[in-house]
Amino acid sequence: MDIRGIWKVKEIRVPTPDGVKVFTPDNPPQEECFEGSAELMGYRTEFAEDGVLNTLMLVPEEMRQEAAKHGVEVREDGYAAIESTTWKEADGKFYYDTGIQGETLGEPVDPFAEISVTEDGCLLYGLGMILLERA
């Protein structure tokens, strides 16, 4: 499987004391405490050819000129990268750099977490909390 390209959120899975809540673009969260999850649904995830993983946010057309004045690079498709990290493929599996650093029992932590591929070709990303499908 080739994961390069643009992906969109299919589901966001949020652990709560009552179990995991699943939100979709058709069934977004209504409670204020989940507004971050609602915001995530508008993002796109790009697995670029060069091993860069970009989180993209749509910049409304009326805000693009102002964004550019502040140094934001808005792409032709109207999206701007709001966060970037790296991704890699090894032994047929995919991984992304979580940015997590530190040690466990004196051993350095591997910052790369696996991106699982589901049976239907979606990607389970964000430490298992975000299910992506091709955009």
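Check the entry above for the structure.
The rules behind each value
Residues numbered from 1 in each chain as written. Predicted model: local features only at pLDDT ≥ 70, side-chain atom pairs only at ≥ 80, totals over all residues. Heavy atoms only, no water. Core = buried A, V, L, I, M, F, W, Y, C linked by side-chain atoms within 4.5 Å. Buried < 20%, exposed > 50% of the residue type's maximum accessible area, 1.4 Å probe, protein only. Helix = DSSP H or I, 4+ residues; strand = E, 2+ residues; numbered from the N terminus. Contact = heavy atoms within 4.5 Å. Salt bridge = Lys/Arg side-chain N within 4 Å of Asp/Glu carboxyl O.

A closer look at the nonpolar core
- Counting 19 residues, the largest nonpolar core has Phe47 and Leu132 as its most contacted members.
- Looking at this core, the element that brings in the most residues is strand β1 (residues 5-16), giving 4 residues.
- Not counting residues within four places of it along the chain, the set of residues in contact with Leu132 comprises Trp7, Lys8, Val9, Lys10, Thr45, Phe47, Cys122, Leu123 and Tyr125.

Let's talk about the pattern of salt bridges
- By the definition in use, this model includes 8 salt bridges.
- In this structure, Lys10 engages Asp120 in a salt bridge whose closest nitrogen and oxygen atoms are separated by 3.4 Å. Here Asp120 lies in the loop between β9 (112-117) and β10 (123-125) and Lys10 lies in strand β1, a separation of 110 residues in the sequence.
- The salt bridge partner of Glu66 is Lys69, with a shortest N-O separation of 3.8 Å. You can see Glu66 and its partner Lys69 sitting in helix α2 (residues 61-69), 3 residues apart, about one turn around the helix.
- Linked by salt bridges that have partners in common, Asp2, Arg4 and Glu49 make up one network.

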